[in-house]
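# Notes for the structure review
Okay, here's what each chain looks like letter by letter:
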Amino acid sequence: MRKTLALGVLSLFLLPFAPFASAQSLGNAGTIEGTVADPSGAAVGNAIVSIHNSVTGYKQATTSGPDGTFRFSNIPPNPYHLEVTASGFSTFAKDVSVRTAVPIQVSAKLLVAGAQASVTVEGAGADMLEVDPSAHTDTDRTLITKLPAFDPGGGLSQAITYSTGGVAADGNGLFHPLGDHAQSSFVIDGQPISDQQSKVFSTQLPASAVQSMEIVTGTPDAEFGDKTSLVANITTRSGLGAKRVFGNVDASYGSFGSPGGTAGLGFGNAKVGNFLAVEGIRSGRFLDSPEFTPFHDKGNSQTIFDRFDYQPSTRDVFHLNLFAARNWIQIPNTYDTLNQDQRQRVMTWSLAPGYQRTITPHVLLTINPYIRKDNFHYYGSRDPFADSPATQFQARALMNWGVKADLAVSMGRHDIKFGTDLKQTRLQENFGFGITDETFNPVCVNQNGDPAGSPTLINPANCGTSGLVPNPNFSAGLLPFDLTRNGSLFSFHGTHAINQYAFYAEDSIKAGNFLFKIGFRGEHYAGLSTNNGAEPRVGIAYNVKKTGTVLRVAYARTFETPFNENLLLASSTGAGGLAQGVFGADAVPIPPGRRNQFNTGLQQALGRYLLLDVDYFWKYTHSAYDFSTLLNTTITFPISWHNSKLDGVTGRLSTTNLHGFQAYWTFGHTRARYFPPEIGGLISQGAPLAGGVFRIDHDQAFQSTGVFRYQHKSNEWVSLIWRYDSGLVVSGIPDSDAALALTAAQQTSIGLACGSVFATFSNPITSCNGPVTSKLLTLPQAGQGNDDHNPDRVKPRHVFNLALGTDNLFHTEKREKFTASLQITNLTNKVALYNFLSTFSGTHFLQPRTVVARFGIVF
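### Some thoughts on the confidence of the model for the protein
Averaged over all residues, the pLDDT of the protein equals 89, while 92% of them reach at least 70. The lowest-confidence element of the protein is helix 1 (residues 2-14), averaging 39 in pLDDT; the highest-confidence one is strand 42 (residues 797-806), averaging 98. Here residues 573-577 is modelled with pLDDT under 50, and outside its nearest four sequence neighbours on either side it reaches 16 contacts, counting other chains as well. Predicted confidence for residues 684-688 stays below pLDDT 50, and this span has 11 contacts to residues more than four positions away or in other chains.

In structure tokens, the structure reads:
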């Protein structure tokens, strides 16, 4: 009954959009419109109207029409400085804050030249400050396009990692926001996406399609649910109002045999606009490999994004986003698995129409239906026994469709929004595996505990007849699928639909220098488990105008929903499910989590050119999530722990544009403490991952990013990234004793040594009377490690990326300009790890020094 009701409601919302081939949803982007008049009130046409944000660099300009009207649309939420200039008149200036989708009205009355200019601005640094209770970072494409970063198929993740201080970087484009594994949501022109966006799970929007991002790391507004540790509000590029054809074509080639290219084309007028972005790349190091030297790591990615806008009147706006992408990837090998030939393919498509109706100048209706699907295929080697210690295959599909609709009302001091977020996610999972290494799950062991006995020996009771003893860690559930002992492949198939209904209301109340934000979200989750969430949200911001300071404090109750990827397999659903104890323990459906989150922080304008933002967060979650990696693959299973406590500090120091120079420095500190027992999902081979409180591999004491850029007269530019990471927790190797049990290749990869003697491929270290050290891990000595207070970690690292380029290679005055750049990532060729044998993410080395050259044309 509930499913039928949900489908009916969704159909009711979707039906009106069926006839439209175009639509527009601007999401949280805003609109500034108004009129330009002379002192008598007569319209002033052809006046130049401009807006700009001094921190992000975003700017737009237009001219007023014959009736004096002007309009800016698709504006990212931010404070802006607006100026109006016209021949014979003094300049009109006003600071305007865009925090609502309801159009903001500006009446610009110009004074004749020589009279005192009309200026309505706040105190020092006011055009940099945001009176908002929630911490966030704003990033514009002027920054994204010049970031010296190279991650095939993961440019969007890189931009987020390098833009905000609350993010710890991990391999393959994964990032950990504020101590969580991947509790992130992307809202693309109003379309919510809360499923995993890393390239090993899915595909990403091409970075060249992004106009701006608002990256929220503070308490989320009531309209946001699911995964809210980080919310990326993305506004894409549009051709609406462009009045000309614009675009770019460029080609690149880099290290590891990495050719690529991008193309963009936009055009439009006041009523119709279109923007198309296409990207493609092939690389010999597509994923972050488990060895510093990549083996079997080729991959390619193709994406296409199109945004079509139609605005028949100033009251109605339609839009349509179309997206399709494909990743084909080899799974990188280690020195121990050089014969493997495992691969994966991910294909994604998305269709997201939308509609906005300005009912009155102060009331705006927005409706965003959408449908999106991921198809994921994982292929084992053609020879199953080339895979070790197991061969596996997978084919799964994840499709979500729904509608997000709200009504925004601007009424005096109040900016009110209330709406609904309804969606269904359909899961289909097929999975198979079989053990190919007879020592992986031995029935018998010798007196030293080493695997022993014939593969035909399958009963532990018979070990004594061969002078052996039963293996105390033997898993009987795996025996039927041990191909070395005449077993057969385990096969799983499951399907399920997950229904989610949410309703929200929020009000931003301006009271003098205060801003109060009050909201409530009610949510119902009906998946493998069922539950409801009542989520109050409240925040206060106070603007101390004399000192250029904004103080803020906020609280949010959030309803955390389980990861959808491999949810069925990890929860015993479907024919041949895991409840039979295949991995040694019953899998349990993952329940939704509940979180209490507190934030407090400030923004401080330091003169006219510097802005400091600092935020403290504390989050307590009941049912805390992560993923458990399957052996040496990219296949992961969601798991849930009893609770987690996360706290830390994030910050950012930014400059305005100082004669071509602009810089920012982000920093963050996180403590991520998880508390057993595991309460849901696929338990890792039936054994608890920790006996007590432990630091999960999202925990990092300190990370920071410095980005420095200088551009000379819109032509030549140089950009530098300095990234520091103090090191994530290594859960798989708690101390030196565990390191002595590694293979020779694993020991060599991490630079393991006994005193001054280093392990080699032919001579592993199996015992040591002195200190055991590693070049890449902190590695506590035996008996000194502590999962909570002294866990093993990756060693600290400093990494530098450098780019040199020009936006006008031949210094021409023509509209068509040639561009060129040379980019070097990991300039010093630093050998370092993201993590090593992590239960939650595996082993990944940082990218070696990579050089990429680009050449293109913009028009």
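### Let's talk about the side chain of E223
Tracing the sequence through the fold places E223 in the loop between strand 14 (210-216) and strand 15 (230-236). Within the structure, E223 has its side chain in polar contact with the side chain of K404 (distance 2.8 Å). Excluding residues that lie within four positions of it along the chain, E223 makes contacts with N28, K404, D406, K417, Y504, E506 and R521.

### Comments concerning the sheet that holds strand 14
Pairing in this open sheet of 5 strands is mixed, and the strands run 9-14-15-12-13 from one edge to the other. Of all the strands in the sheet, just strand 9 (136-140) and strand 13 (191-193) have a single pairing partner and so form its edges. Strand after strand, the sheet turns through a mean of 15° between neighbouring axes, direction not considered. As judged from the 5 bridges shared by strand 12 (residues 184-188) and strand 15, these two strands associate in the parallel manner. The partner of S184 across the bridge, within strand 15, is L230.

### Here we look at the packing of aromatic side chains
Given two aromatic rings, one states the distance between the centres and the angle between the planes to describe the pair. Taken as a whole and assessed by the stated rule, the structure comprises 29 aromatic pairs. For the pair F292 and F845, a centre-to-centre distance of 6.3 Å together with 65° between the ring planes defines the contact as edge-to-face. Of this pair, F292 sits in the loop between strand 18 (272-283) and strand 19 (299-310) while F845 sits in strand 45 (residues 842-845), and the two are 553 residues apart along the sequence. F845 matches F292 in its accessibility class, with the two residues each being buried. For the ring pair Y310 and F318, a centre distance of 6.3 Å and an interplane angle of 20° mean the geometry is stacked. Residue classification places Y310 among the partly exposed residues on the basis of a relative accessible area of 32%. Residue classification places F318 among the buried residues on the basis of a relative accessible area of 9%. Here the aromatic residues F431, F433, F481, F490 and F637 are joined through ring pairs into a cluster of three or more. Taking NZ or CZ as reference, R652 lies 3.8 Å from the ring centre of Y664, over its face. For the cation-ring pair, K775 lies above F758, with the distance from its terminal atom to the ring centre recorded as 4.9 Å.

### So, the state of the cysteines
As enumerated under the stated definition, the model contains 2 disulfides in all. Put simply, C444 and C463 are joined by a disulfide, and their sulfur atoms are 1.9 Å apart. When the S-S torsion is -80°, as for the bridge of C444 with C463, the disulfide is left-handed. Of this pair, C444 sits in strand 25 (residues 444-445) while C463 sits in the loop between strand 26 (451-452) and strand 27 (469-470), and the two are 19 residues apart along the sequence. When its relative accessible area of 1% is taken as the criterion, C444 is described as buried. Residue classification places C463 among the buried positions, given a relative accessible area of 0%. What pairs with C754 in a disulfide is C768, and their sulfur atoms sit 2.0 Å apart. Taking the sign of the S-S torsion, 85° for the link of C754 and C768, the bridge is right-handed. You can see C754 sitting in strand 39 (residues 752-754) and its partner C768 sitting in the loop between strand 40 (757-758) and strand 41 (772-774), a full 14 residues away along the chain. In the protein, the bonded cysteines, taken in the order they occur along the sequence, pair up as 1-2, 3-4.

Reading the values: rules and limits
- Residues numbered from 1 in each chain as written.
- Predicted model: local features only at pLDDT ≥ 70, side-chain atom pairs only at ≥ 80, totals over all residues.
- Heavy atoms only, no water.
- pLDDT = per-residue confidence, 0-100.
- Helix = DSSP H or I, 4+ residues; strand = E, 2+ residues; numbered from the N terminus.
- Contact = heavy atoms within 4.5 Å.
- Polar contact = N/O pair within 3.5 Å; in protein donor to acceptor, adjacent residues only side chain to side chain.
- Pairing = 2+ DSSP bridges.
- Axes fitted to C-alpha atoms, helices over the stretch in contact; angles between N-to-C directions.
- Phe/Tyr/Trp six-rings, centres within 6.5 Å; stacked < 30°, edge-to-face > 60°.
- Buried < 20%, exposed > 50% of the residue type's maximum accessible area, 1.4 Å probe, protein only.
- Lys NZ or Arg CZ within 6 Å of the ring centre and 35° of its normal.
- Disulfide = S-S within 2.5 Å.

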